[in-house]
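Residue-level listing of the chains:
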Amino acid sequence: MTVAVTLRVEEKLYQNRYLVDSGRPHIKVRPHARPSANLLGLTRVCPAQCYELNDQGQVEITADGCMECGTCRVLCEASGEIEWNYPRGGFGILFKFG
Ligand code: SF4
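Residues numbered from 1 in each chain as written. Predicted model: local features only at pLDDT ≥ 70, side-chain atom pairs only at ≥ 80, totals over all residues.

An unreviewed UniProt entry lists the chain under the name Ferredoxin-like protein, with Mesorhizobium amorphae CCNWGS0123 given as the organism. Recorded in UniProt under Sequence similarities (unreviewed entry), the annotation for the chain is "To ferredoxins from P.putida and C.tartarivorum, ferredoxin I from A.vinelandii, ferredoxin II from D.desulfuricans." Check the Function (unreviewed entry) section of the UniProt entry for the chain; it says "Could be a 3Fe-4S cluster-containing protein." (UniProt positions renumbered as here; feature names shortened; annotations may be inferred.)

Structure follows, in structure tokens:
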């Protein structure tokens, strides 16, 4: 009898490792008074939950754990609301497959 083992996405993601480039975040949010709908949406769509609302209702990012999926880049880079770059070589997400 074969037993199927199922893993939750969160358990798979936990296998990844992230090397922080201290003091050099590869994504920045432009200062703003009120976030646009797209910028606000990043607090819900980022799979790594890097975006949060602060006490003033502004969107902030902590890029640690970013999976470089590009979702936020598609939604907010063209408008200038975020500045998006890949991490420097050797830093950022280290994917573990299997
Ligand atoms: S690239 Fe993807 S994982 Fe990284 S901050 Fe943007 S939405 Fe989140």
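More follows now that the structure is in view.
> Would you explain the overall build of the chain in this entry?
Scanning the chain from N- to C-terminus turns up three helices and six strands. Along the chain direction, N to C, the helices and strands of the chain fall in the order α-β-β-α-β-β-α-β-β. Viewed in the frame of its principal axes, the chain has a C-alpha envelope of about 60 × 30 × 25 Å. For the chain, with 98 residues in total, the buried portion stands at 14%. Long-range contacts, defined as pairs at least 24 residues apart, comprise 67% of the intrachain contacts of the chain with a sequence gap of at least 6. (Helix = DSSP H or I, 4+ residues; strand = E, 2+ residues; numbered from the N terminus. Buried ≥ 20, exposed ≤ 12 C-beta atoms within 10 Å, placed from the backbone. Contact = placed C-beta atoms within 7 Å.)

> Can you help me understand the environment of C46 in this one?
Structurally, C46 is set in the loop between helix 2 (37-45) and strand 3 (51-53). In this structure, the C-alpha to C-alpha distance between C46 and A4, residues 42 residues apart in sequence, is 30 Å. With sequence-adjacent residues up to four places away left out, C46 is seen in contact with Y51, T71 and C72.

> Can you help me understand the environment of C72 in this one?
Tracing the chain through its elements places C72 in helix 3 (residues 71-76). Taking the C-alpha atoms as reference points, C72 and V45, 27 residues apart in sequence, are found 8.2 Å from one another. Sequence-distant contacts of C72, defined by excluding residues within four places in its chain, comprise I27, L42, C46, I82 and W84.

> How should the site of the ligand be read in this particular structure?
The local shell around the ligand consists of I27, C46, P47, A48, C50, C66, M67, E68, C69, G70, T71 and C72. In the shell around the ligand, the residues fall into nine nonpolar, two polar and one charged. (Near = placed C-beta within 6 Å. Nonpolar A, V, L, I, M, F, W, Y, C, P; charged D, E, K, R; others polar.)

> Explanation requested: unusual backbone geometry in the structure shown.
A negative phi holds for most residues other than glycine; trans holds for most peptide bonds. For Q49, which is not glycine, the phi dihedral falls at a positive 55°. Relative to the helices and strands, Q49 resides in the loop between helix 2 and strand 3. Phi at E68 takes a positive value of approximately 55°, unusual for a residue other than glycine. Structurally, the position occupied by E68 is in the loop between strand 4 (59-61) and helix 3. The partly exposed category is assigned to E68, around which 16 C-beta atoms lie within 10 Å.

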